[in-house]
There are 2 protein chains.
Amino acid sequence: MTARKLTRNQQLVLDRLADSSAALTAYDLLDRLRDEGLRAPVQVYRALEALGQQGLVHRIESLNAFVACCGHDPHAAAGFAICDNCGEVTEFAFPASEEGLKSLAGAKGFETRRMTVELHGRCATCAER
Amino acid sequence: MTARKLTRNQQLVLDRLADSSAALTAYDLLDRLRDEGLRAPVQVYRALEALGQQGLVHRIESLNAFVACCGHDPHAAAGFAICDNCGEVTEFAFPASEEGLKSLAGAKGFETRRMTVELHGRCATCAER
DNA sequence: TCACGAACGTTATATCATTACGTCCTTAAT
DNA sequence: ATTAAGGACGTAATGATATAACGTTCGTGA
Ligand SMILES: [Zn+2]
Ligand SMILES: [Zn+2]
Ligand SMILES: [Zn+2]
Ligand SMILES: [Zn+2]
């Protein structure tokens, strides 16, 4: 189930995301794929949907944009550190905090199915000055 | 700085949010405020902007919607448990996990300025069946 | 009274995302 | 080989979320 063959459009979208250290919006992707023949937003959104299902891309909710997955445990949540200066997005795992958050919510009866964790700030390079 | 007097539009928006256990979009709010004379999205967005500055409302990134703040420590991050069945949103603090996340990112040189933490799942009521 | 800044209202526009519909292609049963 | 079914596709239209631009009104204090 994990290793489905990608369609042409899915591969094109994934490649562009993998090439970028910043998150790209669907329309950013569309612009970069005009030369490949893509014409309409829905083509990009369909590819993103399929790639998301397979865990190959993530949506960054606070940016309405997307990144390629760096390859994490599919059963664990993904966190993102987002530099508001240069745009760089870094994916990370946070097993201890993930458990902490689930427990905290669980104590009030909440059953967590997925979580969004996005840190905004300055990356190592941009923080130096 | 914390206790500014609210304008009429700001108070109207805040009241509607405070009345709702679910997050409301700007357009939800606009619909509910037509009778009060509001006509355009920008009026709602301006009020939301000002209320956000004052820490009285929060944006739920994964819903493109807004909730009233339940009154938390302004220096701490706010987390949200969102029931995908009934829409109820509950704000919570998570000091231990907050520190954990900051440290984790900080270890790689990332300087965290704000964070988005949103749990999706089932509230206590909806989880029972 | 006047100058200033904050908030306002109106309109238009930008940005992000989905629905609807018909076509083409692969695959597998006949 | 024929054909039915499903999946992916392309095109067009639309829906949903958010901001820009502009001039006016209002409150406040010099
Ligand atoms: Zn990942
Ligand atoms: Zn940076
Ligand atoms: Zn709060
Ligand atoms: Zn519920």
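The structure under discussion appears in the preceding block.
Criteria and thresholds
Residues numbered from 1 in each chain as written. Chains lettered and ligands numbered in written order. Predicted model: local features only at pLDDT ≥ 70, side-chain atom pairs only at ≥ 80, totals over all residues. Heavy atoms only, no water. Helix = DSSP H or I, 4+ residues; strand = E, 2+ residues; numbered from the N terminus. Expected span 1.5 Å × (residues − 1). Contact = heavy atoms within 4.5 Å. Near = heavy atom within 4 Å. Polar contact = N/O pair within 3.5 Å; in protein donor to acceptor, adjacent residues only side chain to side chain. Nonpolar A, V, L, I, M, F, W, Y, C, P; charged D, E, K, R; others polar. Donors = N, O, S within 2.8 Å, 3.2 Å for Na, K, Ca; no water. Tetrahedral: all angles 85-135°; square planar, octahedral: opposite > 155°, others 65-115°. Buried < 20%, exposed > 50% of the residue type's maximum accessible area, 1.4 Å probe, protein only.

Section: helix α3 (residues 41-53) of chain A
Every α-helix winds through 3.6 residues per turn, so residues three or four apart in the chain are directed the same way.
Residue and element names in this part refer to chain A.
Working step 1: Helix length check: α3 (13 residues) gives 18 Å between terminal C-alpha atoms against 18 Å at 1.5 Å per residue, within 8%.
Working step 2: The inward-facing, buried residues of α3 contact α1 (8-19), α2 (26-32), β1 (57-60) and β2 (65-68).
Working step 3: One or two residues past the end of α3 sits G55, with phi positive at roughly 75°.

Remarks on the protein's contact with DNA strand D
Working step 1: Around DNA strand D, the structure places 14 residues, and the nearest of them are A:Q43, A:R46, B:Y27, B:Y45 and B:R59.
Working step 2: Counted by atom, the contact set of DNA strand D within 4 Å of the protein is 47% sugar and phosphate.
Working step 3: Side-chain polar atom of A:Q43 to a phosphate oxygen of DNA strand D: 2.3 Å apart, as the coordinates give it.
Working step 4: At a separation of 2.8 Å, a base nitrogen of DNA strand D approaches a polar side-chain atom of B:Y27.
Working step 5: Taken together, the residues of the surface near DNA strand D break down into five nonpolar, five polar and four charged.

Let's talk about the coordination of the zinc ion (ligand 1)
Six octahedral donors around a metal ideally make angles of 90 or 180 degrees; four tetrahedral donors ideally make 109.5 degrees.
Residues and elements named next belong to chain A.
Working step 1: Within the protein, H58 (NE2), C69 (SG), H72 (ND1) and E91 (OE) serve as the donor atoms for the zinc ion (ligand 1), at 1.8 to 2.2 Å.
Working step 2: Relative to the metal, the four donor atoms surrounding the zinc ion (ligand 1) lie at angles of 95 to 136°, and the coordination shape comes out irregular.
Working step 3: Residue classification places H58 among the buried positions, given a relative accessible area of 13%.
Working step 4: E91 sits in the buried class, given a relative accessible area of 14%.

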